[in-house]
Amino acid sequence: MNNQDKKVNIESLRKAYERFVPYKMYSLLGKNSISELKLGDQTEIKLTILFSDIRDFTKISESLKPKESFDFINSYLEQMDHVISHHKGVIDKFIGDSIMALFPTNADDAVICSLLMLNKLDQINAIRKIENQLPIKIGIGLNTGLCMLGIIGGINKLETTVISDAVNLTARLESLTKKYGVQLLISENTYFNLKDVSKYSIRFIDRVVVKGKTKPQSIYEIYDNDGEEIKKLKDQTKPLFEEALAYYHYKKINKATELLEKCLALNPNDNPAKLYLERCLLFSKEGFHDGAKELSQQIEWNYEFDVGDNKIDSQHLALFNNSVKLLNAIKSGVGSSEIDNLIAFLDNYVVHHFETEEKYLLDNNYPFIDHQKSQHLNFIKSFELLKSEIKSNIKSKTFIMFRIQTLLIDWIVNHTLKEDRHYAKYIKDNRN
């Protein structure tokens, strides 16, 4: 074999290996070649994780011969692989008909790719219709967070994987798309990492508790790919729908039922609205409330929220306490001047706290300071929206209370428990 043939052979082998471990994957681990990978290689990185799954694939495959089943799944995966790989995603693994992909760039890339995957699905189904085949449906879940990416395995088998509770929530979101009858769900982590949420058709869906966790997470539906007519109806009924959910979560079932019925009169095919109406009927009959946590149960600030810096811990406590005061002020219907004072305090204090925290992180060489900054900026944008809703006097008291809970209190609690305690551990470990 001459040198030219050897070069061709090596290049062929490299391309073959990269079909099992993509270059993007091992480059994230700081490696230039797959041959450099070894057991235990790892890096911590901010990722948006995507899970997708074909609904009722077992039922579909039962009607196919083994070869037809493989041809079907390979054709589908190949087309989705193309979309993901060409839109800044890295496929981590295929699990039967399921796909797990990683987006190391930003949350917007993951959302845009998800919408393009759904668009590709429409094209696949258009062909299936011509061939007199039933359409296929998929669900997609997205979550964003800091993850450990690395190599696991044994002597004879190695593979890349992501270890993080962010993965568990992503898988849960994908599964929940079936429950709510929607195509794409994102976590509040992804929501708060989007550069501009107004670019998407997005609405609140629920608060859920992931297995092993105690604090609820808000989840949202993105429905840009639902078809022009359905999208238009969801846009039209979004205020009714989200207000109905606020009443439901505060156990004001009669009002929730009334609003959901109005919503369904305008958009009879709104699956989440139908699900919530069923929940209302179940509560009326049996008293069972299908919610992540009763909002009447006030979260108490305790040691688990501490990051180990007295100044920052005291600021976190002040932010939390005054957010709860704002919620209670709305609830009790106090004068507008007291509410204005609380908003003004939070408005100034949020900026002051973020500046203090970011300086602290900079002084301690925290590697994910840009991640914290982007979270802070997006929170400020959400707080601006919340302030405008409070001051407009258009929204109901119940809706405003719910927005304070999901956009303010839940964010402070979940951000402190996850993101802030992460930097606390990093700083502590590097000081020892």
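Here goes a summary of the coordinates provided.

Parameters at a glance
- Residues numbered from 1 in each chain as written.
- Predicted model: local features only at pLDDT ≥ 70, side-chain atom pairs only at ≥ 80, totals over all residues.
- Heavy atoms only, no water.
- Helix = DSSP H or I, 4+ residues; strand = E, 2+ residues; numbered from the N terminus.
- Buried < 20%, exposed > 50% of the residue type's maximum accessible area, 1.4 Å probe, protein only.
- Contact = heavy atoms within 4.5 Å.
- Phe/Tyr/Trp six-rings, centres within 6.5 Å; stacked < 30°, edge-to-face > 60°.
- Lys NZ or Arg CZ within 6 Å of the ring centre and 35° of its normal.
- Axes fitted to C-alpha atoms, helices over the stretch in contact; angles between N-to-C directions.
- Parallel < 35°, antiparallel > 145°, perpendicular 65-115°, else oblique.
- Left-handed = near helix turned anticlockwise from the far one by under 90°.
- Nonpolar A, V, L, I, M, F, W, Y, C, P; charged D, E, K, R; others polar.
- Pairing = 2+ DSSP bridges.
- Core = buried A, V, L, I, M, F, W, Y, C linked by side-chain atoms within 4.5 Å.
- Salt bridge = Lys/Arg side-chain N within 4 Å of Asp/Glu carboxyl O.

Focus on the side chain of Ser218
In step 1: Here Ser218 is to be found in strand S8 (residues 217–222).
In step 2: For Ser218, a relative accessible area of 0% corresponds to the buried category.
In step 3: Apart from residues lying up to four places away in sequence, Ser218 is in contact with Ile186, Ser187, Glu188, Phe204, Asp206, Arg207, Thr406 and Asp410.

Quick look at the packing of aromatic side chains
In step 1: Scanning all chains against the criterion turns up 19 aromatic pairs.
In step 2: For the ring pair Tyr366 and Tyr426, a centre distance of 5.6 Å and an interplane angle of 70 degrees mean the geometry is edge-to-face. One end of the pair, Tyr366, is in the loop between helix H12 (336–363) and helix H13 (369–392); the other, Tyr426, is in helix H14 (residues 397–431), and 60 residues separate them in sequence.
In step 3: By relative accessible area, Tyr366 is classed as buried at 4%.
In step 4: The ring of Tyr223 carries the charged tip of Arg203 above its face, separated from the ring centre by 5.8 Å.
In step 5: Here the guanidinium or amino end of Arg279 rests over the ring plane of Tyr276, the centre of that ring lying 4.7 Å away.

Things to note about the packing of helix H11 (residues 310–332) against H14
In step 1: Between H11 and H14, whose axes approach to 9 Å, the crossing angle comes to 165 degrees. Taken together, the axes of H11 and H14 are roughly antiparallel relative to one another. Considering how the two elements wind past one another, H11 and H14 form a crossing that is left-handed. Judged by residue contacts, Ile312, His316, Leu319, Phe320, Ser323, Val324, Leu326, Leu327, Ile330 and Lys331 of H11 engage Lys397, Ile400, Met401, Ile404, Gln405, Leu408, Ile409, Ile412, Val413, Thr416, Asp420 and Tyr423 from H14.
In step 2: Looking at the contact of H11 with H14, its residues break down into 15 nonpolar, four polar and three charged.

Some details on the packing of H12 against H14
In step 1: In the contact formed by H12 and H14, the axes pass within 12 Å of each other and the chain directions differ by 20 degrees. Regarding the angle of H12 to H14, the classification is roughly parallel. Considering the relative orientation of H12 and H14, their crossing is left-handed. Contacts between H12 and H14 pair Leu346, Phe354, Glu357, Tyr360 and Leu361 from the former with Leu408, Trp411, Asp420, Tyr423, Ile427 and Arg431 from the latter.

Examining the pairing of strand S3 (residues 98–103)
In step 1: Among the six residues that make up S3, six are buried, leaving the element largely enclosed by the rest of the structure.
In step 2: Of the two faces of S3, the one holding Ser98, Met100 and Leu102 and the one holding Ile99, Ala101 and Phe103 are both buried throughout.
In step 3: Bridge count for strand S2 (residues 90–95) against S3 is five bridges, and the pairing is antiparallel. When the bridges of S3 are listed, Val90 appears paired with Leu102.
In step 4: With antiparallel pairing between neighbouring strands as the criterion, S2 and S3 make up a hairpin whose turn holds two residues, including Gly96 at a positive phi of roughly 65 degrees.

Section: unusual backbone geometry
In step 1: The phi dihedral of Asn132 falls on the positive side, at around 60 degrees, and the residue is not glycine.
In step 2: Mapped onto the secondary structure, Asn132 falls in the loop between helix H5 (107–130) and strand S4 (138–153).
In step 3: The phi dihedral of Asn393 is positive, around 60 degrees, even though this residue is not glycine.
In step 4: Locating Asn393 in the fold gives a position in the loop between H13 and H14.

A short note on the nonpolar core
In step 1: Tyr76, Tyr180, Leu326, Ile390, Ile404 and Leu408 are the most contacted members of the largest nonpolar core, which has 99 residues in total.
In step 2: A per-element tally of this core places H14 first, with 11 residues.
In step 3: Those residues in contact with Tyr76 that lie beyond four places of it in its chain are Ser52, Ile54, Asp97, Ile99, Leu121, Ile124, Ile136 and Ile138.

Remarks on the pattern of salt bridges
In step 1: Scanning the entire structure with this criterion turns up 21 salt bridges.
In step 2: A salt bridge links Asp290 to Arg279; its shortest N-O distance comes to 3.3 Å. Highlighted residues: Asp290 in the loop between helix H10 (271–286) and H11 and Arg279 in helix H10, separated in sequence by 11 residues.
In step 3: Residue Arg403 is joined to Glu389 by a salt bridge in which the shortest nitrogen-to-oxygen separation is 3.0 Å. One end of the pair, Arg403, is in helix H14; the other, Glu389, is in helix H13, with 14 residues separating them in the sequence. Neither residue differs from the other here; Arg403 and Glu389 are each classed as buried.
In step 4: Taken together, the shared-partner salt bridges connect Arg203, Glu221, Asp226, Lys234 and Asp270 into one network.

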